[in-house]
Amino acid sequence: MIRFDGVRVAFGDHVALHGLDLEIAEGEFCTLLGPSGCGKTTALRALAGFVEPTSGSVHVAGRDVTRVPSEQRGVGMVFQSYALFPSMTVRDNIAFGLAVQRVAKAEQRERVDRAAEQVGLKPEQLGRGVSELSGGQQQRVAIARALVLEPSILLLDEPLSNLDAKLRVQLRGELQRLQREVGITTVYVTHDQEEALALSDRIAVLSEGTLEQLGAPREIYEQPTTAFVCDFVGEATRLTPAQRAALAPEELAGDLDAWVRPEHVALVESGGIEGIVREHAYRGAATLLELELAGSVLRVESASAAAAALSLGDSVQVVLDAERVHRFPVAA
Amino acid sequence: MSAAQSATEPRTPADAGMTPQQPVRRPRGATARMLRSPLGIGVVIGTLWFSATFLVMPNVTLLQATFAPDGELSLSAVERLLSSERALRSLGNSVALAATLAVTVNVVGIFIVLVTGWFKMRARRVLWLGYATTFIYGGIVLATGYAFIYGRYGFVTNAVANVWPEMDRDWFSGFMAVVLVMTFATTTNHMLFLSSALAKIDHQSIEAARLMGASNWTILRRIVLPTLRPMIFAVTVLVFLTGLGALTAPLVLGGQDFQTVAPMILSFSRTATSRDIAALLAILLGLATIVLLAILNRVERGGTYFAVAKVASPLEPQAFRTRWGSIVMHVLAWALWAVYVFPVLCAVLFSFADARAVQGGSIGLDDLTIEHWATVLTQPDALSPFLVSVAYSAIASVVVVLGLVLVSRALTTWRGRLSSVIEYVLHIPWILPTILIALGLVMTFDRPQWLVGGQVLQGTIVILGIAYVIVKIPFTLRLLKAAFAAVPDEFEDAARILGAGQLTTIRRVVIPIIAPTMAAVTALNFTSLVDDYDAAVFLYHPLAEPLGIAIRRATEGDANVQAMSITFVYTVLLMLVQGFVLWLVYGRGLRRRRG
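Every chain's residues receive numbers from 1 upward, in the order its sequence appears when written. Chains and ligands are labelled by the order in which they are written, letters from A for the one and numbers from 1 for the other. At least 70 in pLDDT is required for a residue's local features to be given in this predicted model, at least 80 for side-chain atom pairs to be given and counted, and no such filter applies to totals for whole chains, interfaces and linings, which use all residues. Hydrogens and waters are ignored; side-chain quantities use all the structure's heavy atoms.

Draft legend 1. Quick look at the overall build of chain B. The secondary structure listing takes helices from DSSP runs of H or I that are at least 4 residues long and strands from runs of E that are at least 2 residues long, numbered from the N terminus. In terms of helices and strands, chain B carries 27 helices and zero strands. Relative to its full complement of 595 residues, chain B shows a buried share of 56%. The criterion used for residue contact is that any of the two residues' heavy atoms lie within 4.5 Å. Sequence separation of at least 24 residues holds for 80% of the intrachain contacts in chain B that already meet a minimum separation of 6. Summary of the burial criterion: residues with accessible area below 20% of their type's maximum are buried, those above 50% are exposed, and those between are partly exposed, where the area comes from a 1.4 Å probe applied to protein chains only.

This is the structure in structure tokens:
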């Protein structure tokens, strides 16, 4: 459906994207995930036609669209700022694209009503000015405006970043439901790994303009192929040689980069390696501990009541599931 | 184009609300606390005296002279006005001028804003600089410049007459000339306010529209212009007001057939028997101003479109989609640029050219001379008007800023009923045309007044300085108050907790923070007063003639050639001074931000 073919984007001396190769299937929800400045928004804007690649090409449904104007690419987009037109009502905002295409008034009305209903906007909200709506409602208007033109691809540029935490989770669920109902191919940009894991069929993790890994959320979390992905998605501790020698001297011997997730280190009554509690963060369902072990920090997550009851300075014993340690070749 | 509404400091639509400030929570007992503090008492007594003497009494006198000349209510001024054909025609002319300008200035102003801020034009900065010449070239100087170039004996008229002797030498006179000159002179508001409103449009909303298939034209028509509509309305009101109260352009270029209200007020005020008509006309002008500003205020409260975006992205210039579109816009933009830049270049050139050559309509290399510059810079007589204006503007600017620092401090510290009243009273000059303020002063202080110790101020050099201070009060007060309000309370609390007293805190902590604003306001006040004509013509002292008066005299009748050349030197000097001050205030800041 969508194919990035060696897409390179440079702004003067700065290279934002180093030859991105990526294919996204029809109906798929694909997330571009990475920290600020990793090139994810640039990739999305190249797909929308707002930036022209320095080299490489972008294909949509088998057609090279690299030089095709944005409006002819059949994409709808929800912007980070929502980009709602402040001088228009909600209805006029949603109907804008239809009006530009000179769709008959009656049909405009019907399609706007349908799109509004799809995103959960009430009919009485359609007559209001956009500045009278809350952030969550504005976001719904932005999505309705993108969907009303029935694009083949929906682009979402950090659409939840302006909302408070609870609303973010709620709208995340709605977004997922909507995408399933409409079945539209969706490209989603975010730096929030939790959002990416919860929403996506597949995630493309980017760093410094390069694709680090592409895979299903579980694959990305459980089988990261690079230290960057392991560190960026979820939490992980990089084991020092001393920690490796203490925790699993045989399995983790040799010259390698070893990372372990907090939930793969277990607290035991006895027979483990000793660590001292230095930080203690109770998170309700589980407790995250930072232990001083073999001279360095090791993060441990435990759902047990005993972990929740620990205090700073307490001594605990831990064992490590060496099978679950992620090993990467040491970077040159 | 009066001193109160000059290029650098028009009535800003952004703060055009007549209510001096946003509604604030008034702590109880603020007035009582204000009256317990020595600073508070000083400010209250000082402002009450100043307001009663110079803001309220002149207007009361004006009303009295009009409606109760002999102590009894009389409508004789109204009857005389209605029977004066000249006066009535001037009223009609003013309305016609204002209405025409509301259209022409918007057409030119919006065009300028689009080619400097919306379209991807070649050499956009150069274009901007050309249109921005109105920032340093306005008022009487500009009107005179146009007269010397296109007027009866102007350079262009003479040049054309050399080839085509039968031409009408008065082609650039009357209604059309005034409209043209004022159109090109008053686009400053558009460049200041409409441009910044345009720049605030979220670029993502433009991209969103484009993605939905909207053309450049559709985006402009359906998104950009509707978003700018409240600001366009605000600027239109300001232009309308400028047209209604126009003095210098009609005076210099209107000729016999086209005189408006302001020149008529000036002419009626010169004879004692017709002063009541002058006062009535001034009151009508003031009333029209108040009504229009009230409408503006109301519309502003209801109609501003606040950007919805929390993370708006900056507007980027739009590329032309067709070659023809690009060519047409570039040709129009540069032609307009030439209209703006030509008088400025002429002023510079003519200041170095032999006056007879300028009059002859043809200048050769041999005609270039530094004689006029030498005259102005070495002969006390010639330099004096410039120095007088500089001195008046500098002193008035400093006085108004220093005086209002204390007032603004008091108003922000004790926000109570009394401070609100003081603030409203100090805004009186904001809603009155300069010409009305000046006339009020003339008619009040031409006799002894006990509020100023029984002195007659009219005919002294002080009265023009007082007028300058008065017209600068609202602008200065607003900016200083905003500066004080922007100083976080924590700074003062921290100073207090470290043992600093109130005065030490103000002197060592608060003043250094607001010093840049004080300097900027002083500079802007200075540039807008230095070429004043509107107040000076009513109030100047014959032995201390300011620049505006000297320049105007050079165009009266068939003034001598030398006077014209000297005027061009003044013009260039003024542009240098105003350009330098604007650069100090805005330019350096811009560079720092860019760096």
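Alright, that's what it looks like, and here's the rest.
Draft legend 2. Highlighting the packing of helix H10 (residues 203-211) of chain B against helix H11 (residues 216-244) of chain B. All names here are of chain B. Angles run from 0 to 180 degrees between N-to-C directions of axes, and those axes are lines fitted to C-alpha atoms, restricted for helices to the stretch in contact. Relative orientation of the contacting elements H10 and H11 amounts to 130 degrees, with a least axis distance of 10 Å. It follows that H10 is oblique to H11 by the angle criterion. Once H10 is placed against H11, the crossing between them reads as right-handed. Contact residues: Ile-206, Ala-209 and Arg-210 in H10; Asn-216, Ile-219, Ile-223 and Val-224 in H11. Each residue receives one of three labels: charged for Asp, Glu, Lys and Arg, nonpolar for Ala, Val, Leu, Ile, Met, Phe, Trp, Tyr, Cys and Pro, and polar for the others, Gly being one of them. A breakdown of the residues in the contact of H10 with H11 according to their chemical character gives five nonpolar, one polar and one charged. If an angle is under 35 degrees, it is roughly parallel; if it is over 145, roughly antiparallel; if it lies from 65 to 115, roughly perpendicular; otherwise it is oblique. Handedness of a helix crossing follows the sense of rotation of the near helix relative to the far helix, less than a right angle counterclockwise being left-handed and clockwise being right-handed.

Draft legend 3. Spotlight on the sheet that holds strand S1 (residues 2-11) of chain A. Residues and elements named next belong to chain A. Read from one edge to the other, the open sheet built from four strands follows the order S2-S1-S4-S5, with strand pairing classed as antiparallel. Each edge of the open sheet is held by one strand with a lone partner, namely strand S2 (14-24) and strand S5 (63-64). Note on pairing: DSSP must find at least two bridges between two strands before they are called paired. Relative to strand S4 (residues 55-60), S1 is paired through five bridges, and the arrangement is antiparallel. By the bridge assignment for S4, Arg-8 is matched with Ser-55. Lying over the sheet, helix H1 (residues 40-48) contacts S1, S2 and S4, oriented at roughly 115 degrees with respect to S1.

Draft legend 4. Examining the environment of Leu127(B) more closely. All names here are of chain B. Along the chain, the position of Leu-127 falls in helix H5 (residues 124-131). For Leu-127, a relative accessible area of 0% puts it in the buried group. In sequence terms Leu-127 and Ala-338 are 211 residues apart; their C-alpha atoms lie 9.5 Å from each other. For Leu-127, the contacting residues outside a window of four places in its chain are Val-115, Met-121, Arg-122, Ala-333, Trp-334 and Trp-337.

Draft legend 5. Structural context of the packing of aromatic side chains. Residue and element names in this part refer to chain B. Note on aromatic pairs: the rings of Phe, Tyr and Trp (six-membered ring only in Trp) are paired at centre separations within 6.5 Å, and the planes decide the class, stacked below 30 degrees, edge-to-face beyond 60, tilted for the rest. Within this structure, the stated rule accounts for 26 aromatic pairs over all chains. Both rings, one in Phe-119 and one in Phe-320, keep their centres 4.9 Å apart while their planes meet at 10 degrees; by these two values the pair is stacked. Here Phe-119 is found in the loop between helix H4 (85-117) and H5, whereas its partner Phe-320 is found in the loop between helix H14 (275-303) and helix H15 (323-351), with 201 residues between them in sequence. Phe-119 gets classed as buried once you look at its relative accessible area, which sits at 9%. Relative to Tyr-340, the ring of Phe-184 lies with its centre 5.7 Å away and its plane at 70 degrees, an arrangement referred to as edge-to-face.

Draft legend 6. Looking closely at the interface of chain A and chain B. The interface is formed by 29 residues belonging to chain A together with 24 residues belonging to chain B. The buried area of a pairing is the accessible area, by a 1.4 Å probe, that goes missing from both parts when the two are put together, added over both. Summed over both sides, the interface between chain A and chain B buries roughly 2300 Å², with carbon and sulfur atoms accounting for 67% of that surface. What counts as a salt bridge is simple: a side-chain nitrogen of Lys or Arg found within 4 Å of a carboxyl oxygen of Asp or Glu. Across the salt bridge formed by Arg45(A) and Glu207(B), the nearest N and O atoms sit 2.4 Å from each other. Two N or O atoms count as a polar contact when they lie within 3.5 Å, although within protein this holds only if one can serve as hydrogen donor and the other as acceptor, and sequence-adjacent residues are included solely when both atoms are side-chain atoms. Between the two partners, chain A and chain B, sit four residue pairs in polar contact (both at pLDDT 80 or more).

Draft legend 7. Summary view of the packing of helix H2 (residues 90-100) of chain A against helix H3 (residues 105-119) of chain A. Residue and element names in this part refer to chain A. Two numbers describe how H2 lies on H3: the axes approach to 10 Å, and their chain directions differ by 125 degrees. Judged by the inter-axis angle, H2 sits oblique to H3. For the crossing formed where H2 meets H3, the hand is right-handed. Along the contact surface, H2 presents Arg-91, Ile-94, Ala-95, Leu-98 and Ala-99, while H3 presents Gln-108, Arg-109, Arg-111, Val-112 and Asp-113. Split into classes, the residues belonging to the contact of H2 with H3 amount to five nonpolar, one polar and four charged.

Draft legend 8. Quick peek at the sheet that holds strand S8 (residues 185-190) of chain A. All names here are of chain A. One open sheet accounts for six strands, arranged S6-S7-S8-S3-S9-S10; its pairing is mixed. A single partner strand is all that each edge strand has here, and the edge strands are strand S6 (75-78) and strand S10 (210-215). In this sheet, neighbouring strand axes are inclined to one another by 20 degrees on average, regardless of whether the strands run parallel or antiparallel. Here S6 runs beside strand S7 (residues 153-157); their pairing, made up of four bridges, is parallel. Each residue of the ladder has a partner; that of Val-78, found in S7, is Leu-156.

Draft legend 9. Region of interest: the side chain of Thr144(B). Residue and element names in this part refer to chain B. Secondary-structure assignment places Thr-144 in helix H6 (residues 139-150). Taking relative accessible area as the criterion, Thr-144 reaches 0% and is therefore assigned buried. Those residues within four positions of Thr-144 in sequence are excluded, and the remaining contacts are Val-252, Ile-551, Thr-555 and Thr-567.

Draft legend 10. Quick look at the pairing of S2(A). Sheet analysis places S1(A) next to S2(A), joined by seven bridges and oriented antiparallel. Across the sheet, Ala10(A) pairs through a bridge with Val15(A), a residue of S2(A).

Draft legend 11. Region of interest: helix H22 (residues 462-486) of chain B. The span one expects for a helix is its residue count, reduced by one, times 1.5 Å. Here H22(B) contains 25 residues, and its C-alpha end-to-end distance of 35 Å stays within 8% of the 36 Å for a straight helix at 1.5 Å per residue. We define the bend at any residue as the angle between the axes fitted to the seven residues before and including it, ending there, and the seven starting there. In H22(B), a bend of some 45 degrees at Ile473(B) exceeds every other bend along the element, and Pro474(B), a proline, comes one to four places later.

Draft legend 12. Here's a closer look at the domain arrangement of chain B. Residue and element names in this part refer to chain B. Boundaries of every domain are those given by an automatic assignment or by a domain database. Domain annotation of chain B identifies domain 1 (42-54 + 380-542) and domain 2 (83-327). For domain 1 and domain 2, the distance between their C-alpha centres works out to 29 Å. Between domain 1 and domain 2, the residue contacts involve 15 residues of the former and 21 residues of the latter. Buried area between domain 1 and domain 2, both sides added, is near 1400 Å², and the carbon and sulfur share of it is 80%. On the domain 1 side of the interface with domain 2, the three residues burying the most area are Ile-435, Leu-439 and Tyr-533, jointly 33% of the side's total. Inspection of the domain 1/domain 2 interface yields one salt bridge.

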